[in-house]
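Here's the letter readout for the chains.
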Amino acid sequence: FPFNFLICCWLIISKGTVAAAVGGMILSIYGAWALKTLPFQMILISTFSAFFATNIESILGATMQGKVGFKWMSNEVVNFINTLIGAGTAMALGKLLLGM
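These numbers come from a predicted model, not from an experiment. (Residues numbered from 1 in each chain as written. Predicted model: local features only at pLDDT ≥ 70, side-chain atom pairs only at ≥ 80, totals over all residues. Heavy atoms only, no water.)

Asks: Help me understand helix H2 (residues 40-63) in this model?
Replies: Since one α-helical turn is 3.6 residues long, residues separated by three or four positions face the same way. Here H2 spans 35 Å end to end across 24 residues, near enough to the 34 Å set by a 1.5 Å rise per residue. Taken as a whole, H2 has its buried residues at Ile43, Ile45, Thr47, Ser49, Ala53, Asn55, Glu57 and Leu60. (Helix = DSSP H or I, 4+ residues; strand = E, 2+ residues; numbered from the N terminus. Expected span 1.5 Å × (residues − 1). Buried < 20%, exposed > 50% of the residue type's maximum accessible area, 1.4 Å probe, protein only.)

Asks: I would appreciate a short explanation of a nonpolar patch on the surface in the present structure.
Replies: Taken together, the side chains of Tyr30, Trp33, Phe40 and Leu44 define a hydrophobic patch exposed on the protein surface, amounting to about 440 Å² of accessible area. When you line up the elements, phenylalanine 40 lands in helix H2. (Patch = residues over 30% accessible without salt bridge, like charges linked within 9 Å, V, L, I, M, F, W, Y side chains within 5 Å. Areas by Shrake-Rupley, 256 points an atom, 1.4 Å probe, with all protein chains shown as cover. Salt bridge = Lys/Arg side-chain N within 4 Å of Asp/Glu carboxyl O.)

Asks: Is there a simple way to think about the environment of threonine 63 in this case?
Replies: Take threonine 63: it is sitting in helix H2. The exposure class assigned to threonine 63 is partly exposed, which follows from its relative accessible area of 43%. Between the alpha carbons of threonine 63 and glycine 88 there is a distance of 22 Å; along the sequence they are 25 residues apart. Side-chain polar atoms of threonine 63 contact the backbone oxygen of isoleucine 59, separated by 2.6 Å. (Polar contact = N/O pair within 3.5 Å; in protein donor to acceptor, adjacent residues only side chain to side chain.)

Asks: Looking at this structure, I do not really get the packing of H2 against helix H3 (residues 75-98). What am I missing?
Replies: Interaxial distance between H2 and H3 falls to 8 Å at its minimum, and their mutual angle equals 145°. Note on packing geometry: the crossing formed by H2 with H3 is right-handed. The residues of H3 that touch H2, namely those facing Gln41, Met42, Ile45, Phe48, Ser49, Phe52, Ala53, Thr54, Ile56, Glu57, Leu60 and Gly61, are Val78, Asn79, Ile81, Asn82, Ile85, Gly86, Thr89, Ala90, Leu93, Gly94, Leu97 and Leu98. Residue classes in the contact of H2 with H3 are distributed as 14 nonpolar, 9 polar and 1 charged. (Axes fitted to C-alpha atoms, helices over the stretch in contact; angles between N-to-C directions. Left-handed = near helix turned anticlockwise from the far one by under 90°. Contact = heavy atoms within 4.5 Å. Nonpolar A, V, L, I, M, F, W, Y, C, P; charged D, E, K, R; others polar.)

See the structure below:
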């Protein structure tokens, strides 16, 4: 892409923001693989689950957090939902794809 944008509201952001996130993800995948702490399939499932949950969190934060009728949805609630989605996705994919 010639530019980067926020998934939740399509605002253009600086390129370093996305590069830092992608770089961190790549380094964490490599680190887990290099240390042989997890099988590669589990690393992919974990990475996908975190990516999926983070995108849902971005959408929730931009569209509902602190809005009228959703005052109860604080940053902590959105983070908790993110954690539940990420963990649930990882467990479901682990069961479905790896038979765990």
